Amino acid sequence: MAIQRTLSIIKPDATRRNLTGQIIARLEQGGLHVIAQKRLRLTREQAERFYAVHASRSFFNDLCTFMTSGPVVVQVLEGDDAIARNRRVMGSTNPANAEAGTIRKDFGESIEANSVHGSDSPDTAAQEIRFFFAEMEIAG
Ligand code: CMP
């Protein structure tokens, strides 16, 4: 499989519990390289724009409230088959259904506070990386 890039977010439930380093270690152990990273606090407008694809879902309002409730760490991850690889390392969206040894199984609190986000396709990855990073901030 080819080298890909994907967008990762360490969510407010994880930064609140000081889990940033442990999550980065899981990503690196899973064969992903952090080639860009910054910590920031999303505004409501940014959260709504980032998750616009979910705007019609019942959980959208709560999701945006949660994602603006504390700092996040946004990252570009690079590696072989990085999009699917990151999704395996993260585990299923709902921590209750996530596989043993995954980030969401071990750290996630609920389907909303599930510790990490990862892009779900090459098109989404490119769009989500552009949302947060300028080309000169990415050092592969
Ligand atoms: P994420 O990968 O960040 O993409 C959208 C997020 O919505 C998802 O992870 C979950 O944290 C959150 N979410 C909350 N409720 C639901 C739900 N019922 N189904 C899917 N995602 C949900």
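Scroll up to find the structure this text is about.
Read on for an overview of the structure. Everything numeric here is computed off the predicted structure, so don't read it as measured data.

### A short note on the overall build of the protein chain
Moving on, step 1. Counting its regular elements, the protein chain contains seven helices and four strands.
Moving on, step 2. Along the protein chain, from the amino end to the carboxyl end, the secondary structure elements read β-α-α-β-α-α-β-α-α-β-α.
Moving on, step 3. For a compact globule of 140 residues, the expected C-alpha radius of gyration is about 14 Å, and the protein chain comes in at 14 Å, within 12% of that figure.
Moving on, step 4. Expressed as lengths along the three principal axes of its C-alpha atoms, the size of the protein chain is roughly 35 × 35 × 25 Å.
Moving on, step 5. Split into buried and exposed, the 140 residues of the protein chain put 46% on the buried side.
Moving on, step 6. Long-range pairs, those at least 24 residues apart, make up 76% of the contacts in the protein chain between residues at least 6 apart in sequence.
Moving on, step 7. Here the protein chain contributes 17 positive and 17 negative side-chain charges, whose respective centroids are spaced 3 Å apart.

### Observations concerning the nonpolar core
Moving on, step 1. Counting residues in hydrophobic clusters, the biggest one holds 21 residues, and the most contacted among them are Leu7, Ile9, Met67, Val76, Phe132, Phe133 and Ile138.
Moving on, step 2. Taken together, the elements giving at least two residues each to this core come down to strand S1 (3-10), strand S2 (33-40), helix H3 (44-50), helix H4 (60-67), strand S3 (72-80) and helix H7 (122-132).
Moving on, step 3. Here the element with the most residues in this core is H4; it accounts for five residues.
Moving on, step 4. Filtering out sequence-adjacent residues up to four positions away, Phe132 remains in contact with Leu7, Ile9, Lys38, Leu40, Leu42, Phe50, Val74 and Glu137.
Moving on, step 5. Counting 15 residues, the second largest nonpolar core, distinct from the first, contains Ala14, Leu19, Val89 and Met90.

### Some details on the pairing of S3
Moving on, step 1. Burial analysis of S3 places eight of its nine residues in the buried class, which makes it a mostly covered element.
Moving on, step 2. Across seven bridges, the pairing between S2 and S3 is antiparallel. Residue pairing in the sheet places Ala36 in a bridge with Val76 of S3.

### Considerations on the site of the ligand
Moving on, step 1. Residues in close proximity to the ligand include Lys11, Tyr51, His54, Phe59, Leu63, Thr93, Arg104, Ile111, Glu112, Asn114 and His117, which together make up its full environment.
Moving on, step 2. The side chain of Lys11 places a nitrogen or oxygen atom 2.7 Å from an oxygen atom of the ligand.
Moving on, step 3. In the model, an oxygen atom of the ligand is placed 2.6 Å from a nitrogen or oxygen of the Tyr51 side chain.
Moving on, step 4. Coverage of the ligand by the protein chains reaches 79% of its 450 Å² of free accessible surface.
Moving on, step 5. When each cavity is represented as a set of grid points, the ligand is found to reside in the largest pocket.
Moving on, step 6. The residue inventory of the shell around the ligand, partitioned by class, reads four nonpolar, four polar and three charged.

### Observations concerning the sheet that holds S3
Moving on, step 1. An order of S2-S3-S1-S4 is seen for the four strands of this open sheet, with the pairing classed as antiparallel. The sheet terminates laterally at S2 and strand S4 (116-118), the two strands that pair on one side only. Across the sheet, the mean angle from the axis of one strand to that of its neighbour is 20°, orientation sign disregarded.
Moving on, step 2. The strands that helix H5 (residues 82-90) touches are S1, S3 and S4; relative to S1, the one it contacts most, it runs at about 35°.

Calculation notes
Residues numbered from 1 in each chain as written. Predicted model: local features only at pLDDT ≥ 70, side-chain atom pairs only at ≥ 80, totals over all residues. Heavy atoms only, no water. Helix = DSSP H or I, 4+ residues; strand = E, 2+ residues; numbered from the N terminus. Rg over C-alpha atoms; globule rule 2.2 N^0.38 Å. Buried < 20%, exposed > 50% of the residue type's maximum accessible area, 1.4 Å probe, protein only. Contact = heavy atoms within 4.5 Å. Lys, Arg positive; Asp, Glu negative; His and termini not counted. Charge placed at Lys NZ, Arg CZ, Asp CG, Glu CD. Core = buried A, V, L, I, M, F, W, Y, C linked by side-chain atoms within 4.5 Å. Pairing = 2+ DSSP bridges. Near = heavy atom within 4 Å. Polar contact = N/O pair within 3.5 Å; in protein donor to acceptor, adjacent residues only side chain to side chain. Areas by Shrake-Rupley, 256 points an atom, 1.4 Å probe, with all protein chains shown as cover. 1 Å grid on protein atoms, 1.4 Å probe; cavity = no way out; pocket = protein on both sides within 12 Å on 5 of 7 lines; lining within 4 Å. Sits in = over half its atoms within 2 Å of the grid points. Nonpolar A, V, L, I, M, F, W, Y, C, P; charged D, E, K, R; others polar. Axes fitted to C-alpha atoms, helices over the stretch in contact; angles between N-to-C directions.

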